[in-house]
Amino acid sequence: NQDAWCARFDADRLEAFGVFDGHGDKGHLVSHFARETLTKVVAEAAVSREDPSEDVQHCYALVHRALCESAQLGTRLSGTTATVVVHDVDRSRLVVSHVGDSGAVLL
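The following paragraphs examine the structure supplied in this document. (Residues numbered from 1 in each chain as written. Predicted model: local features only at pLDDT ≥ 70, side-chain atom pairs only at ≥ 80, totals over all residues. Heavy atoms only, no water.)

1. Here we look at the sheet that holds strand β4 (residues 93-99)
Moving on, step 1. Spatially, β1-β2-β3-β4 is the arrangement adopted by the 4 strands of the open sheet, whose pairing is antiparallel. Of all the strands in the sheet, the pair left with one neighbour each is β1 (3-10) and β4. Neighbour-to-neighbour, the strand axes of the sheet open up by a mean angle of 10 degrees, direction not taken into account.
Moving on, step 2. Where strand β2 (residues 14-23) lies against strand β3 (residues 79-88), 10 bridges are found, and the strand directions are antiparallel. Residue Ala16 lies in a different strand from β3, and its bridge partner there is Val86.
Moving on, step 3. Across the sheet, helix α1 (residues 27-46) lies against β1, β2, β3 and β4, angled at about 25 degrees from β3, the strand it touches most.
Moving on, step 4. Along the sheet, helix α2 (residues 53-69) contacts β3 and β4; its crossing angle with β4, the most-contacted strand, is approximately 35 degrees. (Pairing = 2+ DSSP bridges. Helix = DSSP H or I, 4+ residues; strand = E, 2+ residues; numbered from the N terminus. Axes fitted to C-alpha atoms, helices over the stretch in contact; angles between N-to-C directions. Contact = heavy atoms within 4.5 Å.)

Structure follows, in structure tokens:
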């Protein structure tokens, strides 16, 4: 299975959820790498200031660069989409971010 997901909780301060849809021969490696790295750094950035949009975008760029530098992940022919939602409990807000053809529906 090339898909991955995660849910992270940080001492009642924030909740972070991620869904990753890997594709290509090594899509499972790429989606698992993104699960382990992207959700953590986006969650930290999402609570960093009042408007975290630039910080969150920077996180995606950093993880993309790390993926490209990891030759064993096969990112020339494999990849992943990503959706990360962070619930900042202290500010009572959701920060939703995604890349690729993935997205989130808020109900």
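2. Comments concerning the nonpolar core
Moving on, step 1. Phe20, Leu38, Val42, Val56, Tyr60, Val84 and Val86 are the most contacted members of the largest nonpolar core, which has 23 residues in total.
Moving on, step 2. Contributions of two or more residues to this core are made by β1, β2, α1, α2 and β3.
Moving on, step 3. With 7 residues, α1 is the largest single contributor of residues to this core.
Moving on, step 4. The contact partners of Val86, leaving out residues within four places of it in the chain, are Glu15, Ala16, Val42, Ala43, Ala46, Arg93, Leu94 and Val95. (Core = buried A, V, L, I, M, F, W, Y, C linked by side-chain atoms within 4.5 Å. Buried < 20%, exposed > 50% of the residue type's maximum accessible area, 1.4 Å probe, protein only.)

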